[in-house]
Each structure stands twice: as structure tokens, then as C-alpha cells.
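Descriptive analysis of the structure
For reference, the chains in residue letters:
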Amino acid sequence: MQVKAPRGTYDIMPDDIYKWHQMEQIIRRTAATFGYAEIRTPIFEHTELFERGVGDTTDIVSKEMYTFQDRSNRSLTLRPENTASCVRAFIEHSVAGGVLPVKWYYMGPMFRYDRPQAGRYRQFHQFGVEAFGSNNPAMDAEVITLVLEILANLGLHEYELHLNSVGCPQCREVYRQKLIEHIRPVKDKLCTDCQSRFEKNPLRVLDCKVASCQEAIVGFPNMYDYLCPECSEHYNRVRNILTEAGISYMHDNQLVRGLDYYTNTAFEIMIPLIGAQSSVAGGGRYNGLVKECGGPDMPGVGFAMGMERLLLAMNNLENNMNDPKQIDVFLALLDEKYETQAMNLLSGLRRAGIRADRDYNQRSTKAQMKYADKMGARLVILLGEDEIQRGVVTIRDMQTRQQSEVANETLIAAIKAILE
Ligand SMILES: [Zn+2]
Ligand SMILES: [Zn+2]
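One structure accompanies this document, and this report is about it.

How each quantity is defined
Residues numbered from 1 in each chain as written. Chains lettered and ligands numbered in written order. Predicted model: local features only at pLDDT ≥ 70, side-chain atom pairs only at ≥ 80, totals over all residues. Heavy atoms only, no water. Helix = DSSP H or I, 4+ residues; strand = E, 2+ residues; numbered from the N terminus. Rg over C-alpha atoms; globule rule 2.2 N^0.38 Å. Contact = heavy atoms within 4.5 Å. Areas by Shrake-Rupley, 256 points an atom, 1.4 Å probe, with all protein chains shown as cover. Lys, Arg positive; Asp, Glu negative; His and termini not counted. Charge placed at Lys NZ, Arg CZ, Asp CG, Glu CD. Donors = N, O, S within 2.8 Å, 3.2 Å for Na, K, Ca; no water. Tetrahedral: all angles 85-135°; square planar, octahedral: opposite > 155°, others 65-115°. Phe/Tyr/Trp six-rings, centres within 6.5 Å; stacked < 30°, edge-to-face > 60°. Buried < 20%, exposed > 50% of the residue type's maximum accessible area, 1.4 Å probe, protein only. Lys NZ or Arg CZ within 6 Å of the ring centre and 35° of its normal. Patch = residues over 30% accessible without salt bridge, like charges linked within 9 Å, V, L, I, M, F, W, Y side chains within 5 Å. Salt bridge = Lys/Arg side-chain N within 4 Å of Asp/Glu carboxyl O.

This part is about the overall build of the protein chain. The number of helices and strands found in the protein chain is 16 helices and 16 strands. Relative to a compact globule of 420 residues, whose C-alpha radius of gyration would be 22 Å, the protein chain shows 28 Å and is clearly more extended. In terms of principal-axis extent, the alpha carbons of the protein chain reach across some 95 × 55 × 45 Å. For the protein chain, the share of sequence-separated contacts (at least 6 apart) that also reach a separation of at least 24 residues comes to 69%. Surface exposure of the protein chain reaches about 21500 Å², of which carbon and sulfur atoms provide 48%. Here the protein chain contributes 48 positive and 54 negative side-chain charges, whose respective centroids are spaced 3 Å apart.

Now for unusual backbone geometry. Of note, the amide linkage connecting L100 to P101 takes the cis form, showing an omega dihedral of 0°. Considering the arrangement of structural elements, one finds P101 in the loop between α4 (83–92) and β5 (102–111). Phi at R401 is positive, roughly 65°, even though this residue is not glycine. One can find R401 in the loop between β15 (392–397) and β16 (403–407).

Turning next to the coordination of the zinc ion (ligand 1). Around a metal, the idealised angle for a tetrahedral arrangement of four donor atoms is 109.5 degrees; for an octahedral arrangement of six donor atoms it is 90 or 180 degrees. Around the zinc ion (ligand 1), the protein supplies C168 (SG), C171 (SG), C228 (SG) and C231 (SG) as donor atoms, at distances of 2.2 to 2.3 Å. Coordination at the zinc ion (ligand 1) is tetrahedral: its four donor atoms span angles of 101 to 118° at the metal.

Turning our attention to the packing of aromatic side chains. If you walk through the whole model with that rule in mind, you get 14 aromatic pairs. With 6.1 Å between their ring centres and 70° between their planes, F132 and Y286 make a pair best called edge-to-face. Taken together, the residues span a long stretch of sequence, with F132 in strand β6 (residues 123–132) and Y286 in the loop between β10 (279–285) and α11 (289–292) at a distance of 154 residues. The buried category is assigned to F132, whose relative accessible area is 0%. For the pair Y175 and Y226, a centre-to-centre distance of 5.7 Å together with 45° between the ring planes defines the contact as tilted. Here Y226 lies in the loop between α9 (211–216) and α10 (229–244) and Y175 lies in helix α6 (residues 169–183), a separation of 51 residues in the sequence. Stacked on the ring of Y113, the Lys or Arg R122 has its end atom at 4.0 Å from the ring centre. Across the ring face of Y371, the terminal group of R363 is positioned such that the distance to the ring centre comes to 3.9 Å.

Protein ligation of the zinc ion (ligand 2) involves C191 (SG), C194 (SG), C208 (SG) and C213 (SG), the donor distances falling in the range 2.2 to 2.3 Å. Each of the four donor atoms bound to the zinc ion (ligand 2) contributes to angles spanning 102 to 116°, and the resulting shape is tetrahedral. The sequence pattern formed by the donor residues of the zinc ion (ligand 2) is C-x2-C-x13-C-x4-C. With C194 in helix α7 (residues 192–197) and C213 in helix α9, the pair connects residues that are 19 residues apart, well separated along the chain. The exposure classification of C194 matches that of C213, with both residues buried.

Together, I43, F44 and F68 line one region of the surface with nonpolar side chains, adding up to about 250 Å² of accessible area. Owing to a relative accessible area of 34%, F68 belongs among the partly exposed residues under this scheme.

In short, geometric facts, not functional conclusions.
Right, dumping it as C-alpha cells:
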């Protein structure tokens, strides 16, 4: 029996969970202020959905999926991302027939069989949004603004926003041919991946991480110069909205998304604070995706952000997150024979919403005080013979080290007053 989590997975231990709770709360609250509602889709889907909705030529689908046969021989896959599932839900529930646009967000674990490295796991967490039913450039700007607002609310004010347009299938086809013509004479200098994919998918060569590929294609034609009038107009409007909102960005000719259902805006957001692996969010428009998955012709735009990366960035900030202590009140039992009184007292505190705990391991009074301190209790209630006789308890404030006596009837009000 192996007592070790599978490679590429990890436990979020109770000591660290507050960071996740705080991050999640800020994200949820910010998404809600933008009018996004949460959707929760299954952790696994039919494999075919991802082959279609993510694209079977992508690394994600060809190399990184956790695919398995269930007991009825269906091919199922743990979701490697959540956009395809949202599109499936959008189609399945005929959402297009209702009021549009719809704005959804999701948050949860995704699964990719990737080589684990710093900040990258095989089970990792993403937050993302999908807005279906509007082709308005203002919607593209809204989803970008939402990412930045979340980052700011998490205390991450320094970012780099990269922006590009990948056009539409019509203008991109012209560009693709130009790009292939540019690459073909230097194809021997490309990495093996790029050599095999450049005819089919030349855009992927633009964002290849291999340095020699980048050297080989220097002077490549830019999509920007080939945008059709509508795509050009769309891109310029997105840029104008961002500029007027005071959001700085850089146009990035190498920011591309290789599949046909991606259209117009593509963006990526980096946080210099976490260095080389600095991309925390990426997204853009995918006007062809809903149709590709068997739904109506429906525009969409969205993004996904990696939550482990966000946390990594937040850990670099000072005093950004505070560890909420485990409990507010510790009940020190001075004699075991007062078990019933102790239980009643604890129940009363807990029902009043006060986080309260006690000793279960017959510690001495002194050891109970130490234990209370360890659990971060602000107050300790001392319950002994004398107190019970007189219908009072002694409260010890662990911060000021002062003790006071309080009558049972006013105990909860007194504790709440101190805790506030
Ligand atoms: Zn176009
Ligand atoms: Zn390459």
C-alpha cells in the first residue's frame, strides 16, 4: 500500500485551507459584481466532447487527457478544462432560447497528464467565465476587466496584458497561407513538433517555446495586417474601450490560438511577480465553438485562470492573507464530573455562532491552557466547582491576560462583545 498521493497531485491541508477560502471568496464576490452566475458541471464528460470542444490536435487532447472506459465501455475523460463542458451544458439546456447574453463562471479541479513542475499539477484548479450570446467588443473588454479586477482585489496590482486578434475563419485563412509561405523555406531549422505541424497549423509555430524556432521565423507576417474590415473594427473597438478605461496592454503578434473556432480577441495576463511561469489567465473569443459542438451559431467569449499560480503570486505579497484562528473560545474543564454542564455550555456557544471547543484528552488545567493557545482561542472559559455553585463562569482573555467573572445568562452577550 502506497501512502503517497499520486504524482502531480497534492493535499490542501487544513492549515492552508484559509488561503483557498479567502481567494475563492474574493473571486466569487468579484464575479458576482459583474453579473456572472456559477455553473457546476460534472468532473467527467464523454471523451468526444473534449476532442471536439478543445480540439484533437491540441496537446491537451492528444497527450494530456485522463481517459478511461467505464463499466459499460463508454469512453469518459476527466475534464482537462471547463469551457467545453459549459458549451455542452449551454446546448443541452437550450439556453440559447432564453434571454441573452448569459454570463457564467466556474471554479474547480481540472485534470491533465502533464509533467509536474513548480506550480503545475495533474489535478489543478481553475476559475473561469464564459459569456454566450453577444458579439459586442464591449463584452471582450468586460471579461478582461473582470480578470484585472479579481487580481486587484487579491492584492495583485502589477500585471502585463497581452492582446491580439486572430481574426475570423475568412481572414485567417489568407493569413495562414502567407505564414506557411514564410515558414516553408526555413522549415529545416524548426523543432520536430513545428516541422510536423506548420502546414496544418502554422499559427502554433508562432508561440513555440523553442528559441531556434523563434529565430527561424523572424520577420513573420502579422495577423493584424490581414484582418478583414469587420475583424479590424472589432479589435480596434476592444482596444479603444480598454484605453479609455485606463487599462494598459501590449499588442502581441505572437499571441495566437490555433483552432478555427477561436475568433477575434485573444488575451493573456502575466504577473511578473512569479517569474517565468507568469501567465495566470488566458482567454478570448470563440464564436465558432458552440456550433462546432453541435449547437446554434452563437458567439462566446471567456477566460480561464490558474488558481495555483494565483496563490503562488499571493504568497509573494506580505500580509495579504491572515490565518483565521481555529476557534474563538476554549472551554477548560476543571473536573470531569461537570461533563454535562460543559456540553450544555458548548452547545449554547456553538448555536450562537461562536466557534468553541474543549479538551477531550484529560489534560491538566495547565496543559489545557497551552492547548487553547495553540488553537488560537481568544477566550478561555474556566468551569469548576465554585463557578457551577454560583451560576457563573470565569472568562480569561488570552490577549490581555485578564480574568473576569460573568453570569451564565449574560455569557454569550459578553463573549460576543469581546470578540467584536
Ligand atoms: Zn475577419
Ligand atoms: Zn518549434
